[in-house]
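So you can see what is in the structure, the chains are spelled out below.
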Protein chains: 2
Amino acid sequence: MFYGCPPTAAPIRVGDKWTAKIIRCLELGPRRFTELQRPLRGITPKVLTESLRAMERDGLLTRTAYDEIPPRVEYELTTLGRSLLEPMNAGCEWSRKHLAELMRARETWHAGTS
Amino acid sequence: MFYGCPPTAAPIRVGDKWTAKIIRCLELGPRRFTELQRPLRGITPKVLTESLRAMERDGLLTRTAYDEIPPRVEYELTTLGRSLLEPMNAGCEWSRKHLAELMRARETWHAGTS
DNA sequence: CGGTATCCTAGTCGATACTG
DNA sequence: CAGTATCGACTAGGATACCG
């Protein structure tokens, strides 16, 4: 979706910088901490934890810790979290249709407005 | 739309803090600088200018200055800017349906996670 | 493995004052 | 009226290191 999009250019955002991407990562089923960390390249454990905690607090996902050695924790979207896919998809569709035009307008920014 | 929503709770954002609200203000037709400033209570001229310039640069709106005394400037949505109303409405609909649930989850945040 | 704890930077936003 | 200029606060996010 917005993966190829420069961060400041993203015209539509869901929550903070990572929320939407985390939702995408969880779309197909529960994932573990490191399973999230890998596709979200560059996210530090601190920020990932913060994002996950915030989303858990807001009821967007659940955190399940299994009492094993080594520890295993799984994150899974709730119905509420999954419901965000709808507006997210609307945003994606907008991007597909119009983002190129926005970027072009941004490039062509040298007084030749008219 | 998100007007009654605490800033950090807004699950969906368009551009920066003010972009979506500016689009709403321009939805029904062109507006002047101060006509935008009034409904967007609390926005400083500096920030309003910054937001408008960024949106103009991205091709979301046009700025028309009339050479009069006193000066008159009008901002108007482009087709591209207007197209953002679609995903914005999707976000609004999500809020109407689910924001209360999110806020409730946020309130009920005292360890009783199960 | 799944996190915390510190520290730090960069960007966003606001307050205030002034200008063509 | 429609801005600009300056400063300063706040905070999201990242770097790095360590812990149960």
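That block above? That's the structure.
Scope of this entry: the structure provided in the associated data block.

Rules used throughout
- Numbers given for residues are sequential positions, taken from 1 along each chain in its written order.
- As they are written, the chains are lettered A onward and the ligands numbered 1 onward, keeping that order.
- Local features are withheld for residues below a pLDDT of 70 in this predicted model, meaning they are given only at 70 or higher, and side-chain atom pairs are given and counted only at 80 or more; totals for whole chains, interfaces and linings count all residues.
- Side-chain metrics rest on all non-hydrogen atoms present in the structure, leaving aside hydrogens and water.
- What counts as a helix is a DSSP run of H or I of at least four residues, what counts as a strand is a run of E of at least two, and both are numbered from the N terminus.
- Residue exposure (1.4 Å probe, protein chains only): buried if accessible area is under 20% of the type maximum, exposed if over 50%, otherwise partly exposed.
- The Shrake-Rupley method, run with a 1.4 Å probe, gives the accessible areas here. Residue values count only the displayed protein chains as cover.
- By the convention used here, strands pair only if DSSP detects at least 2 bridges between them.
- By the convention used here, residues are in contact when the closest approach between their heavy atoms is within 4.5 Å.
- Every axis in this analysis is a line fitted to C-alpha atoms, fitted for helices over the stretch in contact. Angles between the N-to-C directions lie between 0 and 180 degrees.
- Convention used here: angles under 35 degrees read as roughly parallel, angles over 145 as roughly antiparallel, angles from 65 to 115 as roughly perpendicular, and any remaining angle as oblique.
- Following the grouping adopted for this structure description, the nonpolar residues are Ala, Val, Leu, Ile, Met, Phe, Trp, Tyr, Cys and Pro, the charged ones are Asp, Glu, Lys and Arg, and the polar ones are all others, Gly among them.

## Digging into the overall build of chain A
Reasoning step 1: Per the secondary structure count, chain A includes five helices and four strands.
Reasoning step 2: Overall, chain A shows an N-to-C arrangement of helices and strands of β-α-β-α-α-β-β-α-α.
Reasoning step 3: Every one of the 114 residues in chain A was classed for burial, and the buried ones make up 41%.
Reasoning step 4: Carbon together with sulfur atoms contributes 53% to the accessible area of chain A, which is approximately 6,600 Å² in total.

## So, the sheet that holds strand β4 (residues 72-77) of chain A
All names here are of chain A.
Reasoning step 1: Pairing in this open sheet of three strands is antiparallel, and the strands run β2-β4-β3 from one edge to the other. Taken across any chain shown, the strands that pair with only one partner, and hence form the sheet edges, are β2 (31-32) and β3 (61-66).
Reasoning step 2: Across two bridges, the pairing between β2 and β4 is antiparallel. From the neighbouring strand, Arg 31 faces β4, where its bridge partner is Tyr 75.
Reasoning step 3: Contacts from helix α3 (residues 45-57) reach β3 and β4, with the element oriented near 115° to β3.

## Quick word on the packing of helix α1 (residues 19-26) of chain A against α3(A)
All names here are of chain A.
Reasoning step 1: Closest axis-to-axis distance for the α1/α3 pair is 10 Å, and the angle between their directions is 80°. Considering their axes alone, α1 and α3 lie roughly perpendicular with respect to each other. Every residue of α3 that contacts α1 at Thr 19, Ile 22 and Ile 23 is listed here: Leu 48, Ser 51, Leu 52 and Met 55.
Reasoning step 2: Residues of the contact of α1 with α3, tallied by class, amount to five nonpolar, two polar and no charged.

## What to know about unusual backbone geometry
Reasoning step 1: The omega torsion of the bond from A:Ile69 to A:Pro70 falls at -5°, within 30 degrees of zero and hence cis.
Reasoning step 2: Within the secondary structure, A:Pro70 sits in the loop between β3 and β4.

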